[in-house]
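Descriptive structure summary
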Protein chains: 2
Amino acid sequence: MAKKKISESTIRRLSLYYRALSVLEKENHQTVSSKELAKREKLTPAQVRKDLSFFGSFGTRGLGYPVAELRNQVASILGINRLWKVALFGVGNIGSALVSYKEFARQGFRIVKLFDNDQRKIGSNHKGIIISDVRNMNKEIAEANVEIAVIAVPATVAQYIVDDVVDHGIKAILNFAPINLKVPDDVYLRNENMSMELEYLSFAMVNNHTQKRPKV
Amino acid sequence: MAKKKISESTIRRLSLYYRALSVLEKENHQTVSSKELAKREKLTPAQVRKDLSFFGSFGTRGLGYPVAELRNQVASILGINRLWKVALFGVGNIGSALVSYKEFARQGFRIVKLFDNDQRKIGSNHKGIIISDVRNMNKEIAEANVEIAVIAVPATVAQYIVDDVVDHGIKAILNFAPINLKVPDDVYLRNENMSMELEYLSFAMVNNHTQKRPKV
DNA sequence: CTCGGTTTGTGAACGTTTTCACATGTTTCC
DNA sequence: GGAAACATGTGAAAACGTTCACAAACCGAG
Ligand SMILES: NC(=O)c1ccc[n+]([C@@H]2O[C@H](COP(=O)([O-])OP(=O)(O)OC[C@H]3O[C@@H](n4cnc5c(N)ncnc54)[C@H](O)[C@@H]3O)[C@@H](O)[C@H]2O)c1
Ligand SMILES: NC(=O)c1ccc[n+]([C@@H]2O[C@H](COP(=O)([O-])OP(=O)(O)OC[C@H]3O[C@@H](n4cnc5c(N)ncnc54)[C@H](O)[C@@H]3O)[C@@H](O)[C@H]2O)c1
């Protein structure tokens, strides 16, 4: 596929465009200008146009972008115009919350497998999904065609789980444990680090940090 | 205070240094080199040295950085060498999970108030904290000296809550709702957007994106 | 007390991302 | 049909962040 080098920031902003376009579509807008799109996500019009221009020409001069069509285009670029099967490891506090998170499903991420090692949880039905024994991941990941793993186990065991998950062919991991996981080069890994955001706020307050528009 | 312009990336990396230094201290290391610190968080030694140099000279040439001392310094820079009182709005799936998140407390963020508008929840004891009626936030935020608000209510009502919270003098907000909140310029706002990370993974897989080291 | 081995701290070079600015094209309205 | 208003797409400039490369400083051994 396309080999151009798209920056991480651009990809993250595509998520924002997608979100804004979904709202615009629900509000029955036919077209939207880069100016309006930028305003809705606190970006600049030039940024919006530049980002989109990496992937093609979607707009009409003098008029703007067709909302519904652009939304589809962005979905297609992000790869969320399809279903992704997700397995979740660790059905504890945060894991349970994630299972109930509607936004994931709405964007094509379907949690189809739950794994834990707690005998009291294994076999029970959680929001319509039976929690599996993590020791069976081998068989069950393959059977269910899982492509993405979400890690929500304690930090102390996260690396072990990830090693196993990688062994079983998973190439994309979203990690909630506050630890730097080691994965092979061909595995995509993203970390969700909530402390980091709070620490950013703390830093800003203590230092009267004159913030630019946040990256996200 | 310091008016130098520190980049967002640097601040985020400080969180990583803090985390790594905490582990190193627990492992009884006396000193650590920029090389080792970089390795532990998948960064480069030059990056580590440059970041720290914005705030002072903490190391010894030929030897490295004193672990315990640097950890304190970083904590002080980040402003987490003190207690921050936090109020959480919306004690639902994600809100409940956050209350139980030990990492926050460990870094000085103490959730002291829970607010909801569900009569069945108000008054009940959740992990040692009585859930308050969100309509009483006026009195209770002031009484408890809350300085940070965490927003975990549905996206549809998030802006209303934030408007109130800002009216009551809060200057720092961590938002989990997938929406772009409007706040005055002097209020710090950070967003936690989990869909964004999954979408990044999706994009990477669909485009065979050759990833650099992730920003975080 | 000197030498060899290390590792910091930092300007300067480099690379990447953002912003600017405008030519180009479309629509609207008289 | 022409003029005014609007808005995209994009090279070029500017801003920003990262990496390089090396002088300076320290340690420990002999
Ligand atoms: N609670 C939060 O709000 C929050 C926020 C951000 C990150 N995190 C991180 O997410 C992770 C989970 O946090 P939590 O609060 O949900 O903890 P938790 O203890 O509630 O949940 C952990 C779950 O993992 C299961 N588990 C333990 N070892 C396992 C193994 N070897 N294989 C499979 N399952 C195993 C446990 O049985 C439990 O169900 C931690 O790394 C935590 O740091 C939590
Ligand atoms: N569940 C997740 O894993 C997850 C992940 C990321 C973001 N989010 C976001 O976090 C928010 C909450 O999600 P959730 O899954 O916990 O939903 P939820 O419905 O379980 O919880 C929402 C809570 O907010 C309370 N609430 C509703 N209106 C309120 C008001 N006006 N004032 C005070 N409290 C009010 C509800 O009573 C409920 O307790 C949503 O915006 C969601 O998009 C959720």
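Check the entry above for the structure.
Report follows, based on the coordinates. (Residues numbered from 1 in each chain as written. Chains lettered and ligands numbered in written order. Predicted model: local features only at pLDDT ≥ 70, side-chain atom pairs only at ≥ 80, totals over all residues. Heavy atoms only, no water.)

Turning to the protein's contact with DNA strand C, a few remarks are in order. Not every one of the 26 residues close to DNA strand C is listed here, only the nearest: Arg13 and Arg61 of chain A together with Ser34, Arg49 and Tyr65 of chain B. A breakdown of the atoms of DNA strand C within 4 Å of the protein gives sugar and phosphate a share of 65%. In the model, a phosphate oxygen of DNA strand C is placed 3.4 Å from a nitrogen or oxygen of the Thr44 of chain A side chain. One of the side-chain N or O atoms of Gln47 of chain A is found 3.3 Å from a phosphate oxygen in DNA strand C. Counting only elements with at least two residues in the surface near DNA strand C, the list comes to α1 (8-26) and α3 (45-53) of chain A together with α3 (45-53) of chain B. Of the residues in the surface near DNA strand C, the class split is three nonpolar, 14 polar and nine charged. (Near = heavy atom within 4 Å. Polar contact = N/O pair within 3.5 Å; in protein donor to acceptor, adjacent residues only side chain to side chain. Helix = DSSP H or I, 4+ residues; strand = E, 2+ residues; numbered from the N terminus. Nonpolar A, V, L, I, M, F, W, Y, C, P; charged D, E, K, R; others polar.)

Between the two copies of this chain, the relationship is a rotation about some axis together with a displacement along it. Note on the identical chains: chain A maps onto chain B by a rotation of 180° and an axial translation of 0.0 Å, with an RMSD of 0.1 Å. Within this description, the copies of the chain are treated as partners about a two-fold rotation axis. Taken as a fraction of all interface residues of chain A, those also at the interface in chain B reach 100%, which identifies the copy contact as same-surface. (Least-squares fit on C-alpha atoms with pLDDT ≥ 70 in both. Contact = heavy atoms within 4.5 Å.)

Of all residues adjacent to DNA strand D, which total 26 residues, the nearest are Ser34, Arg49, Arg61 and Tyr65 of chain A together with Arg61 of chain B. Within 4 Å of the protein, the contacting atoms of DNA strand D are drawn from sugar and phosphate to the extent of 64%. In the environment of DNA strand D, a base nitrogen lies 3.3 Å from a nitrogen or oxygen atom belonging to the side chain of Arg49 of chain B. Secondary-structure elements contributing two or more residues to the surface near DNA strand D are α3 of chain A together with α3 of chain B. At four residues, the largest contribution of residues to the surface near DNA strand D is made by α3 of chain B. Taken together, the residues of the surface near DNA strand D sort by class into four nonpolar, 13 polar and nine charged.

Facing 71 residues of chain A, the contacting portion of chain B comprises 72 residues. Buried surface at the junction of chain A and chain B, summed over both partners, amounts to about 7,400 Å²; 59% is from carbon and sulfur atoms. Counting the surface chain A buries against chain B, the share from its top three residues, Tyr188, Leu198 and Glu199 of chain A, is 10%. Ionic pairing is found between Glu197 of chain A and Arg12 of chain B, a salt bridge with its closest N-O pair at 2.8 Å. Across the contact surface, chain A and chain B share 30 residue pairs in polar contact (both at pLDDT 80 or more). Looking at the side of chain A that touches chain B element by element, the count peaks at 14 residues for helix α9 (residues 194-207) of chain A. Grouping the constituent residues of the side of chain A that touches chain B by class yields 38 nonpolar, 16 polar and 17 charged. (Buried area = accessible area lost by both parts, 1.4 Å probe. Salt bridge = Lys/Arg side-chain N within 4 Å of Asp/Glu carboxyl O.)

The next thing to look at is α9 of chain A. Residues and elements named next belong to chain A. Relative to the 20 Å expected for 14 residues at 1.5 Å per residue, α9 spans 20 Å between its end C-alpha atoms, a close match to the ideal helical length. Among the 14 residues of α9, 13 are classified as buried, and the element is accordingly described as predominantly covered. By the N-cap criterion, in which a side-chain oxygen at the helix start approaches the backbone nitrogen of a residue two or three places on, α9 is capped by Asn193, the distance to Ser195 being 3.3 Å. Just past α9, the residue Asn208 takes up positive phi, approximately 45°. (Expected span 1.5 Å × (residues − 1). Buried < 20%, exposed > 50% of the residue type's maximum accessible area, 1.4 Å probe, protein only.)

To continue, consider unusual backbone geometry. Positive phi, close to 55°, is recorded for Lys127 of chain A, a residue that is not glycine. Here Lys127 of chain A shows up in the loop between β5 (125-126) and β6 (129-133).

Right, let's get into the site of ligand 2. The immediate surroundings of ligand 2 are formed by 23 residues, with Asn93, Ile94, Asp116, Lys121 and Val153 of chain B found nearest. More than one chain lines the surroundings of ligand 2; the residues nearby belong to chains A and B. Residue Ile94 of chain B places a main-chain N or O atom 2.9 Å away from an oxygen atom belonging to ligand 2. Secondary-structure elements contributing two or more residues to the shell around ligand 2 are α5 (93-99) of chain A together with α5 (93-99) and α8 (155-167) of chain B. Sorting elements by how many residues they give to the shell around ligand 2 places α8 of chain B first, with three residues. Residues belonging to the shell around ligand 2 are distributed by class as follows: 16 nonpolar, four polar and three charged.

This part takes up the environment of Val112 of chain B. Note that Val112 of chain B resides in strand β4 (residues 109-116). The spatial distance from the C-alpha of Val112 of chain B to the C-alpha of His168 of chain B is 16 Å, given a sequence separation of 56 residues.

Attention now moves to the packing of aromatic side chains. All chains considered together, the criterion is met by six aromatic pairs over all chains. With centroids separated by 6.4 Å and ring planes inclined at 85°, the aromatic side chains of Phe203 of chain A and Phe55 of chain B adopt a geometry described as edge-to-face. Of this pair, Phe203 of chain A sits in helix α9 while Phe55 of chain B sits in the loop between α3 and β2 (65-66), each in a different chain. Judged by centre distance (4.8 Å) and plane angle (10°), the rings of Phe89 of chain B and Phe115 of chain B are stacked. Placement of Phe89 of chain B in strand β3 (residues 84-89) and of Phe115 of chain B in strand β4 is noted, with a sequence separation of 26 residues between them. (Phe/Tyr/Trp six-rings, centres within 6.5 Å; stacked < 30°, edge-to-face > 60°.)

The subject of this paragraph is the sheet that holds β4 of chain B. Residues and elements named next belong to chain B. Ordered by their spatial adjacency, seven strands build an open sheet running β5-β6-β4-β3-β7-β8-β9, and the pairing between neighbours is mixed. Edge positions in the open sheet fall to β5 (125-126) and β9 (188-191), since each of these has one partner strand only. In this structure, β4 lies alongside strand β6 (residues 129-133), joined through three bridges in parallel fashion. Bridging across to β6, Phe115 finds its partner in Ser132. Seen against the sheet, α8 touches β3, β7 (148-151) and β8 (172-175) and runs at an angle of roughly 170° to β7. (Pairing = 2+ DSSP bridges. Axes fitted to C-alpha atoms, helices over the stretch in contact; angles between N-to-C directions.)

Without other data, these values stay purely geometric and don't point to any function.
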